[in-house]
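Observations on the model geometry
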Amino acid sequence: MNYTIYPKPLTGVINAPSSKSIMHRVLICASFASGITTIENPLYCFDTLKTMSALEEIGVTFKKEDNKLIVVPPKNYKAPEKAIECSNSGSTIRFLMTLYACIFKSAIFTGDERLIERIETEDITEIPFEYFFSKNSITVSNLREINNITIHNKNTSQLVSGVLLVIGIVKQKGKLHIISENDMLDPYIELTLDVLSNFGVKYEISHHENLYTISINKHLNNIKHEFDKPYLKPCHYYIEGDYSAAANMLTLGLLGDNVIVKNLYKSTKQGDKAFIDIIESMNGEFQIGIDAIRSLKSNLVGTTIDLAYNPDLGPILMGIACVAKGQTKIINYARLELKESNRITKTVDILKSLGANINITKEAIIIEGKPNLNGGIVIDTYNDHRLAMMVVAISSKFLERVTLLNVECVNKSYPTFWDDYRKLKGICVDATQDEINGVKHG
């Protein structure tokens with residue numbers, strides 16, 4: 001599908017979509033619990049459906065009931081009979097490949113060429129298993145002792161979380177040493193630990209300078225040395241709203257009139273809640289409640305933004321900076337290169353095509369803000385949900401309408417995105433062939 005987007009200030013009230021990051025983790029933990037888990041307010045997006053499918057392959061059953069998902073672990077887990085198809089879901093493959101290599105000794109994961117390219121990084125060499133890459137797959141096997149290893153948190157935190165899931169679910173006792181690049185524990189790792197704790201896992205964190213040690217302790221009485229029966233405690237889990245997705249809708253309020261986004265909790269463990277602090281440092285105004293946030297029309301100014309632990313916020317923050325007054329510097333942006341697209345170059349390409357003053361240096365992405373961007377062009381989303389949402393979020397600052405290609409890519413994380421955009425009185429219509437071809441009408 002291709003939409004033409006018309007620039008206008010927006011206002012209204014919506015519910016944030018459920019957190020994709022939390023949903024992945026809860027699905028996996030619930031699948032290895034000793035009984036039935038109920039997930040309330042589940043997210044059925046492209047990526048989480050891939051994780052559900054991968055878990056069904058080993059015998060897990062899912063039952064949808066109204067706004068609930070019932071997760072029923074099998075009496076006996078079965079090794080996957082075929083390759084686990086992940087498409088372009090980095091979370092699915094990185095969370096499950098270490099776990100399946102441990103439980104089933106060997107497993108094959110397939111995906112599109114971009115996914116395999118994304119996971120073939122130096123981080124994977126630090127996991128003590130054997131692996132073999134082909135153009136569209138990775139075979140993992142023979143996971144060795146994982147109860148006391150050291151791994152860098154450099155390219156992605158998802159591999160680290162995958163190891164934590166193995167220790168928490170299968171081993172039940174062990175230490176993981178994490179070398180942090182910025183003397184800080186990645187909030188996505190803390191999110192994994194928080195979900196595990198809801199399923200009965202106990203842990204302790206210690207650190208010295210940039211070395212963090214996570215110690216997971218025995219959490220059930222019937223400890224076994226080899227995986228046989230599920231170990232985690234079943235629970236009732238409510239999936240809160242996703243801050244990284246909601247950032248796009250909050251931006252519509254900052255640049256438009258005002259927007260209220262519900263189901264965003266002040267007490268969240270999500271690292272992307274940093275969006276609020278970053279925007280406040282840019283003179284952005286919010287009214288923050290216990291479970292909702294109102295973004296107010298704001299006169300935004302430039303600042304320095306560190307993306308080390310919030311790479312998913314990269315595109316939207318770059319877009320906002322292009323229409324904020326003054327200069328913005330974005331540092332520690334390297335992780336953007338390993339996303340669904342190369343979000344460094346693709347985001348910059350899109351914003352430059354709109355007339356933004358944005359350039360990449362080795363140390364920072366430098367942006368000189370403008371009151372408005374041009375519009376009047378056809379924009380390729382590169383099949384990347386966050387790039388598509390970014391364009392829409394800043395569209396009230398365009399001087400002309402734009403045509404956006406492959407808009408269904410938002411289904412990867414936010415299936416109700418276009419419905420919510422229309423609730424805020426946004427105008428998006430099916431693009432004509434002339435618009436798709438870039439033909440202007442004067």
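So, here is what we can say about the structure in this document.

The rules behind the values
Residues numbered from 1 in each chain as written. Predicted model: local features only at pLDDT ≥ 70, side-chain atom pairs only at ≥ 80, totals over all residues. Heavy atoms only, no water. Axes fitted to C-alpha atoms, helices over the stretch in contact; angles between N-to-C directions. Helix = DSSP H or I, 4+ residues; strand = E, 2+ residues; numbered from the N terminus. Parallel < 35°, antiparallel > 145°, perpendicular 65-115°, else oblique. Left-handed = near helix turned anticlockwise from the far one by under 90°. Contact = heavy atoms within 4.5 Å. Nonpolar A, V, L, I, M, F, W, Y, C, P; charged D, E, K, R; others polar. Disulfide = S-S within 2.5 Å. Buried < 20%, exposed > 50% of the residue type's maximum accessible area, 1.4 Å probe, protein only. Pairing = 2+ DSSP bridges. Polar contact = N/O pair within 3.5 Å; in protein donor to acceptor, adjacent residues only side chain to side chain. Salt bridge = Lys/Arg side-chain N within 4 Å of Asp/Glu carboxyl O. Expected span 1.5 Å × (residues − 1). Phe/Tyr/Trp six-rings, centres within 6.5 Å; stacked < 30°, edge-to-face > 60°. Lys NZ or Arg CZ within 6 Å of the ring centre and 35° of its normal.

1. Points about the packing of helix H8 (residues 274-281) against helix H9 (residues 314-322)
- The interhelical angle for the contact between H8 and H9, taken along N-to-C directions, is 15°, at an axis separation of 12 Å. Overall, the two elements H8 and H9 adopt an arrangement that is roughly parallel. Where H8 crosses over H9, the two elements pack in a sense that is right-handed. Contact residues: Phe275, Ile278 and Ile279 in H8; Ile316, Leu317 and Ile320 in H9.
- When the residues that make up the contact of H8 with H9 are grouped by side-chain class, the tally is 6 nonpolar, no polar and no charged.

2. A closer look at the state of the cysteines
- A full pass over the atoms with the stated rule returns 0 disulfides.
- The thiol of Cys45 is not disulfide-bonded; the next cysteine sulfur, from Cys409, is found 13 Å away.
- The class of Cys45 is buried, set by a relative accessible area of 1%.

3. Describing the sheet that holds strand E8 (residues 130-134)
- Pairing is mixed across the open sheet formed by 4 strands, whose spatial order is E6-E7-E9-E8. Where the open sheet ends on each side, the last strands, each with one partner, are strand E6 (84-85) and E8.
- Examined bridge by bridge, E6 and strand E7 (residues 106-110) share 2 bridges and lie parallel to one another. Across the sheet, the residue bridging to Glu85 is Thr110, located in E7.
- Of the strands in this sheet, E6, E7 and strand E9 (137-141) touch helix H3 (residues 90-103), which is tilted by about 160° from E7.

4. Here we look at the side chain of Asn41
- Turning to its location among the elements, Asn41 is positioned in the loop between strand E3 (37-40) and helix H2 (46-56).
- Polar contacts involving the side chain of Asn41 include one to the main-chain carbonyl oxygen of Ile239, which spans 2.9 Å.
- Dropping the residues within four chain positions of it, Asn41 is found in contact with Ser18, Asn67, Tyr238, Ile239 and Asn263.

5. Points about the pattern of salt bridges
- Taken as a whole, this structure holds 9 salt bridges when the rule is applied.
- Lys20 is the salt-bridge partner of Asp47, the closest N and O atoms lying 3.2 Å from each other. You can see Asp47 sitting in helix H2 and its partner Lys20 sitting in helix H1 (residues 20-31), a full 27 residues away along the chain. Residue Asp47 shares its accessibility class with Lys20, and that shared class is buried.

6. Looking at the pairing of strand E21 (residues 365-368)
- Note: strand E19 (residues 327-331) against E21, 4 bridges, orientation antiparallel. Note that in E21 the partner of Gln327 across the bridge is Glu368.
- Where strand E20 (residues 357-360) and E21 come together, 4 bridges link them in antiparallel fashion. Bridge pairing links Ile360 to Ile365 in E21.
- Hairpin connection between E20 and E21: a loop of 4 residues separates the two successive antiparallel strands.

7. Looking at H9
- Along H9, 9 of the 9 residues are buried, which leaves the element largely enclosed by surrounding structure.
- Restricting attention to buried positions, one finds in H9 the residues Gly314, Pro315, Ile316, Leu317, Met318, Gly319, Ile320, Ala321 and Cys322.

8. Here's the deal with the sheet that holds strand E10 (residues 148-153)
- Here we have 4 strands laid out as an open sheet, ordered E10-E11-E13-E12, and mixed in their pairing. For this open sheet the edge positions go to E10 and strand E12 (202-208), each flanked by a neighbour on one side alone. Each adjacent strand pair in this sheet contributes to an overall mean axis angle of 20°, direction not counted.
- Lying on the sheet, helix H5 (residues 158-171) is in contact with E10, strand E11 (174-180) and strand E13 (211-217); it crosses E11 at an angle near 170°.
- Packing of helix H6 (residues 187-198) onto the sheet brings it into contact with E10, E11, E12 and E13, and relative to E12 it is tilted by some 155°.

9. Describing H5
- Between its terminal C-alpha atoms H5 stretches 19 Å, which fits the 20 Å expected from 14 residues at 1.5 Å a residue.
- For H5, the tally of buried residues reaches 13 of 14 residues, placing the bulk of the element in the interior.
- Positive phi appears at Gln172, one or two residues downstream of H5, with a value of about 70°.

10. Thoughts on unusual backbone geometry
- Phi angles above zero are rare outside glycine, and Asn142 is one such case at about 50°.
- Relative to the elements of secondary structure, Asn142 occurs in the loop between E9 and E10.
- A positive phi angle, near 70°, is found at Asn263, a position not held by glycine.

11. A word on the packing of H1 against H3
- Orientation of H1 relative to H3, taken along the N-to-C sense of each, is 25°, at an axis distance of 11 Å. Between H1 and H3, the interaxial angle falls into the category roughly parallel. Remark: the crossing between H1 and H3 carries right-handed chirality. Contacts between H1 and H3 involve Lys20, His24, Arg25 and Ile28 from the former and Ser91, Thr92, Phe95, Leu96 and Leu99 from the latter.
- In the contact of H1 with H3, the residues fall into 4 nonpolar, 3 polar and 2 charged.

12. A few points about the packing of aromatic side chains
- As enumerated under the stated definition, the model contains 12 aromatic pairs in all.
- Between Tyr3 and Trp418, the ring centres sit 4.9 Å apart and the planes meet at 85°, which makes this aromatic pair edge-to-face. Of this pair, Tyr3 sits in strand E1 (residues 3-6) while Trp418 sits in helix H12 (residues 417-423); the two residues are 415 residues apart in sequence, bridging distant segments of the chain.
- Overall, Tyr3 belongs to the buried group, its relative accessible area being 7%.
- Judged by its relative accessible area of 7%, Trp418 is buried.
- Ring pairing ties together the aromatic residues Tyr3, Tyr414, Phe417, Trp418 and Tyr421, which thus form one cluster.
- Just above the ring of Tyr44 sits the side chain of Lys64; from NZ or CZ to the centre is 4.2 Å.

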